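Read off the chains here:
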Amino acid sequence: MVYFSIFFIIFYNSLIYEMHPKRKYLILIISMIVFILAFNYQMGSDWLNYQRIYEIKIVPYEFKEILSNNPFREERGYILLNLLGRKLGLNYEIFMGILLSFSIICILKIGMKRANNIYIFIYIIILKYILIASLEPTIRQFLAVSIITLGYSYIEEKKIVKYLLCIILAVQFHSSAIVGIILYFLDRVNITLKKVIFLMLLFPIFLKLIPISLEIISTFIPSVERFSAYFTNIRYGVSISRGLLRNIYNFGLMILYLYFLFFSDAKKQKNYIKNMAIIYILIGYFQNQLPILFRVQEYFVIGFAISMSYIGSGTIFNRKIKYNKKKNGLIFVFLVYLIMTREVVNNIYGNELNKKRYGEYKNYFIELILGRAKENFQEKRSGYERLIRNIVEEQDRKKRQLLMERN
C-alpha cells in the first residue's frame, strides 16, 4: 500500500505536468521517497551480509590495515566507509540510510537537470532501479552508479581526466563501475534508427563471441579464465529460457521503447543519454542470453529513464498533428505507466520470496517508535534468515520437481 500511494502521487503529478509544466511538490515527493526507501527496515536479503560486516567482521580492523591489504571480498572503498560509520558511532540502520539517501538523491538530481517530465523520470527510475536497489540493498553497486552520475557533466564538458577520476572512485565501491568508461565515448556516436536495427542483428552474435574470446585468450593468459564465470554463471546475473509468448512480449516492449525514443523529442537530447537508453533497451531484451548483462544494465538505466520522460512529446511517426499531439502524449504516458506498474507488481508480488523480501514494507523509524526495532544483529537475523532460506529451498524443490516432470 505504501508503494502504490507514492506511485499514484507521482503518476498524478506527471499528468498535471504534461498539461501545466510546473514542478509542484517535487521536493516533498523526493523527501518522501528518501524517507521510505533509504530507511527501510529488515527487507531484502543483502542486508544480512552487510550488517554482519558492519557490526561483526569490521570490528577488529583499522583504516591503515584496510588501505594496505584489504582482507574483505568487498571493495576497499565500501569497507572504509563501514569503518568510518563505526568510528562515528552510527548504528547500521542510520549508516545504511545515509548511504542510500546519498545514492537516491544523486540519481534524482540528474533527472531534475536532464528529464523533460521529472515525475515520469522519477516513476521509471524507481520502478526500474531505485526500488530494489534500496530494499535489497545492492548498496555497493548503487553507490558506484551514483558516483558515475556526478561525472556526467564532465562527459558534456569533454573533461576525460576528471571523468576517469569519477570512474576510479566508483570502482572502489563496485568493480563493475569500469563499464562507466563506455559512457564517455557514447557521446561521440550518433546511433540512428538504422544503426539500432543493425545492432539488433549484431547483438546476439556479439554475446556468443564474448565467452569464446575469453576462452581463447585464457590459453595464452591463464589469469583471464577467472572472468569467464561472469559471462556464463547464472550467479552473476539472470539467464532464463523464454517461451514463445514471453519472447514476443519482450520483443514488443523493445520495439515500443525504441519507438518512444525515436519518435519524440528524446532523440534531440545529448548523445550519451540517448545512446544509454538504446543500450538499456537492447539489454532488456537480450539479457536472458548472457547473465552478466543483468549486472551492467544499471549503468545505462538513467539514460533510459531520462529518455522516457519525453514520451509526452511523442508523435505518430513524426507527423505534426497539432490538434491531438497532447492527447497522443497522454495516451503514451498512460501506456508506459500501465506496462511498468504491471512489471513491478509482478516482480514484487509474483512469487512468495519477493513478496516476503519487498512486499511487506517496514520503516526503521516507525519500527523504533513502535518498539519493534531490534538492535542486536543476531536476534534480528535469526528468524528472518531462516524464513528466507526455507522459502528459497521450497522454490528450488518445486523447480526440480517441475523439471523432472517435464523430462
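Notes on the structure in this doc start here. Being a predicted model, the structure only gives us computed values, none of them experimental. (Residues numbered from 1 in each chain as written. Predicted model: local features only at pLDDT ≥ 70, side-chain atom pairs only at ≥ 80, totals over all residues. Heavy atoms only, no water.)

Now for the side chain of Glu385. Residue position: Glu385 is located in helix α21 (residues 377–406). Among all residues touching Glu385, those that are not within four sequence positions of it are Leu48 and Arg52. (Helix = DSSP H or I, 4+ residues; strand = E, 2+ residues; numbered from the N terminus. Contact = heavy atoms within 4.5 Å.)

Take helix α10 (residues 160–171) next. Here α10 spans 16 Å end to end across 12 residues, near enough to the 16 Å set by a 1.5 Å rise per residue. For α10, the elements touching its buried residues are α8 (139–149), α9 (152–156) and α11 (181–186). (Expected span 1.5 Å × (residues − 1).)

A few words now on the environment of Tyr123. As for its placement among the helices and strands, Tyr123 is situated in helix α7 (residues 118–135). Taking the C-alpha atoms as reference points, Tyr123 and Met340, 217 residues apart in sequence, are found 9.1 Å from one another. The residues contacting Tyr123, other than those within four sequence positions of it, are Phe7, Ile10, Tyr337 and Thr341.

Turning next to a nonpolar patch on the surface. On the surface, Ile160, Val161, Leu164, Leu165, Ile168 and Phe185 cluster together into a nonpolar patch covering about 540 Å² of accessible area. The biggest single contributor to the nonpolar patch is α10, with 5 residues. Considering the arrangement of structural elements, one finds Leu165 in helix α10. (Patch = residues over 30% accessible without salt bridge, like charges linked within 9 Å, V, L, I, M, F, W, Y side chains within 5 Å. Areas by Shrake-Rupley, 256 points an atom, 1.4 Å probe, with all protein chains shown as cover. Salt bridge = Lys/Arg side-chain N within 4 Å of Asp/Glu carboxyl O.)

The contact between helix α2 (residues 26–38) and helix α6 (residues 92–114) brings their axes to 9 Å, and the two run at 145°. The two elements α2 and α6 cross, and the hand of that crossing is right-handed. Mapping the contact onto sequence places Leu26, Ile30, Ile33, Val34, Leu37 and Ala38 in α2 and Met96, Gly97, Leu100, Ser101, Ile104, Ile105, Leu108 and Met112 in α6. Class assignment of the residues belonging to the contact of α2 with α6 gives a composition of 12 nonpolar, 2 polar and no charged. (Axes fitted to C-alpha atoms, helices over the stretch in contact; angles between N-to-C directions. Left-handed = near helix turned anticlockwise from the far one by under 90°. Nonpolar A, V, L, I, M, F, W, Y, C, P; charged D, E, K, R; others polar.)

Moving on, we get to the side chain of Lys274. Residue position: Lys274 is located in helix α15 (residues 271–286). For Lys274, which is buried and forms no salt bridge, the nearest opposite charge comes from Asp187, at a distance of 9.5 Å. Among the polar contacts made by the side chain of Lys274, one reaches the main-chain carbonyl oxygen of Ile191 at a distance of 3.4 Å. The contact partners of Lys274, leaving out residues within four places of it in the chain, are Asn190, Ile191, Leu261, Ala266, Lys267, Gln269 and Ser307. (Buried < 20%, exposed > 50% of the residue type's maximum accessible area, 1.4 Å probe, protein only. Lys, Arg positive; Asp, Glu negative; His and termini not counted. Polar contact = N/O pair within 3.5 Å; in protein donor to acceptor, adjacent residues only side chain to side chain.)

Another point: unusual backbone geometry. Omega for the bond connecting Glu136 with Pro137 falls within 30 degrees of zero, at -20°, which places this linkage in the cis form. Here Pro137 is to be found in the loop between α7 and α8. The residue Gln42 is not glycine, and still its phi comes out positive at about 55°. Note on Gln42: relative accessible area 14%, which makes it buried.

This part is about the packing of aromatic side chains. Applying the stated criterion across every chain yields a total of 30 aromatic pairs. Both rings, one in Tyr184 and one in Phe185, keep their centres 5.5 Å apart while their planes meet at 80°; by these two values the pair is edge-to-face. Given a relative accessible area of 43%, Phe185 falls into the partly exposed group. Three or more aromatic residues joined by ring pairs form one cluster here, namely Phe4, Phe7, Phe11, Tyr123, Phe334, Tyr337 and Tyr349. The aromatic ring of Tyr54 is capped on one face by Arg86, whose charged end is 5.7 Å from the ring centroid. In this structure, Lys380 is placed above the aromatic ring of Trp47, and the distance from its NZ or CZ to the ring centre is 4.5 Å. (Phe/Tyr/Trp six-rings, centres within 6.5 Å; stacked < 30°, edge-to-face > 60°. Lys NZ or Arg CZ within 6 Å of the ring centre and 35° of its normal.)

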